[in-house]
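Spelled out from the first residue to the last, the chains are:
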Amino acid sequence: FFPGSTDFYELKEVSIAEQDDFAILRTTRPPKGQPPLQLAPAHQQIRIGEPVVIMSYPGTVDSILSRLSRTVSEQIFSQVGGDPVALPELLATKGLIRPLTTQGHVSDVSKDVVTFDARSSQGSSGGAVLDREGLVIAVNHSSLRGIGGINLGVPIQIIREQLDRLGLTPAG
């Protein structure tokens, strides 16, 4: 689901990079009016201290419902009658499935990992980590639970290398 759309988008697996723990997915029907995010150029260096924004979706239907008033949640539950397929469709129809954004800074960079302090919700792996120009510099991967607010991302260069191996060019 995308903001302003009640359609869901089927994704097909193209490749799984098990060593780096990410997947490349494709849809046959790109969302209308939603331009693809641009990847940072291959030569761009990620700098410690640079500001970042994470775009992600709440990880579960429960986390979406937890942001609503009790009355609205109860109305939604009564409308869907326990149907697990109807629930996300109704949330989309009501415009309640929408991305979250948080801000932070890059705290460390290595060849394999970008560490940043922008918060993300559980289930937000795969979300874009954007630089101040709005370019994707990493993909949100995981968070260190015992250490508050530290998240890890796969640097975009690793993603680019996998796309190159597959002979794919990013959209946009």
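Relevant structure appears above.
None of the values given here were measured: they were computed from a predicted structure. (Residues numbered from 1 in each chain as written. Predicted model: local features only at pLDDT ≥ 70, side-chain atom pairs only at ≥ 80, totals over all residues. Heavy atoms only, no water.)

A.B. asks: Pulling in residues and values, what's your account of the overall build of the chain?
C.D. replies: Check the secondary structure of the chain and you find four helices and eight strands. Starting at the N terminus, the α and β elements of the chain follow one another as β-β-β-α-α-α-β-β-β-β-β-α. A compact globule built from 172 residues would reach a C-alpha radius of gyration of about 16 Å, and the chain, at 17 Å, matches this within 12%. Along the three orthogonal principal directions, the C-alpha set of the chain runs to about 50 × 40 × 30 Å. The buried share among the 172 residues of the chain stands at 35%. For the chain, contacts bridging at least 24 residues in sequence account for 61% of all contacts bridging at least 6. With an accessible surface of roughly 10,600 Å², the chain has 53% of that area assigned to carbon and sulfur atoms. Across the chain, the centroid of the 15 positively charged side chains sits 6 Å from that of the 18 negatively charged ones. (Helix = DSSP H or I, 4+ residues; strand = E, 2+ residues; numbered from the N terminus. Rg over C-alpha atoms; globule rule 2.2 N^0.38 Å. Buried < 20%, exposed > 50% of the residue type's maximum accessible area, 1.4 Å probe, protein only. Contact = heavy atoms within 4.5 Å. Areas by Shrake-Rupley, 256 points an atom, 1.4 Å probe, with all protein chains shown as cover. Lys, Arg positive; Asp, Glu negative; His and termini not counted. Charge placed at Lys NZ, Arg CZ, Asp CG, Glu CD.)

A.B. asks: Please give an account of the pattern of salt bridges that cites residues and values.
C.D. replies: What the rule picks out here adds up to two salt bridges. When the shortest N-O distance is used, the salt bridge between E10 and K12 registers 2.9 Å. (Salt bridge = Lys/Arg side-chain N within 4 Å of Asp/Glu carboxyl O.)

A.B. asks: Summarise the nonpolar core; cite the residues concerned and give the values.
C.D. replies: Counting residues in hydrophobic clusters, the biggest one holds 25 residues, and the most contacted among them are F22, V52, F116, V129, I137 and I159. Membership of the second largest hydrophobic core comes to eleven residues, among which are L65, L68, I76 and L90. (Core = buried A, V, L, I, M, F, W, Y, C linked by side-chain atoms within 4.5 Å.)

A.B. asks: Can you break down helix α4 (residues 156–166) residue by residue, with the values?
C.D. replies: Every buried residue of α4 is listed here: I156, I158, I159, R160, Q162 and L163. In this structure, the buried residues of α4 make contact with β1 (12–17), β2 (22–26), β7 (136–144) and β8 (150–155). At the C-terminal side of α4, G167 shows a positive phi close to 70 degrees.

A.B. asks: Quick rundown of the pairing of β8? Include the residues and the values.
C.D. replies: Most of β8 is tucked away, with six of its six residues classed as buried. In this structure, strand β5 (residues 114–116) lies alongside β8, joined through three bridges in antiparallel fashion. The partner of V114 across the bridge, within β8, is G153. The sheet contact formed by β7 and β8 spans six bridges and is antiparallel. (Pairing = 2+ DSSP bridges.)

A.B. asks: Give me the environment of L144: which residues, what numbers.
C.D. replies: Among the secondary structure elements, L144 is positioned in strand β7. Between the C-alpha atom of L144 and that of T115, which follows or precedes it by 29 residues, the distance is 10.0 Å. Those residues in contact with L144 that lie beyond four places of it in its chain are I150 and L152.

Purely geometric stuff here, so don't read any function into it on its own.
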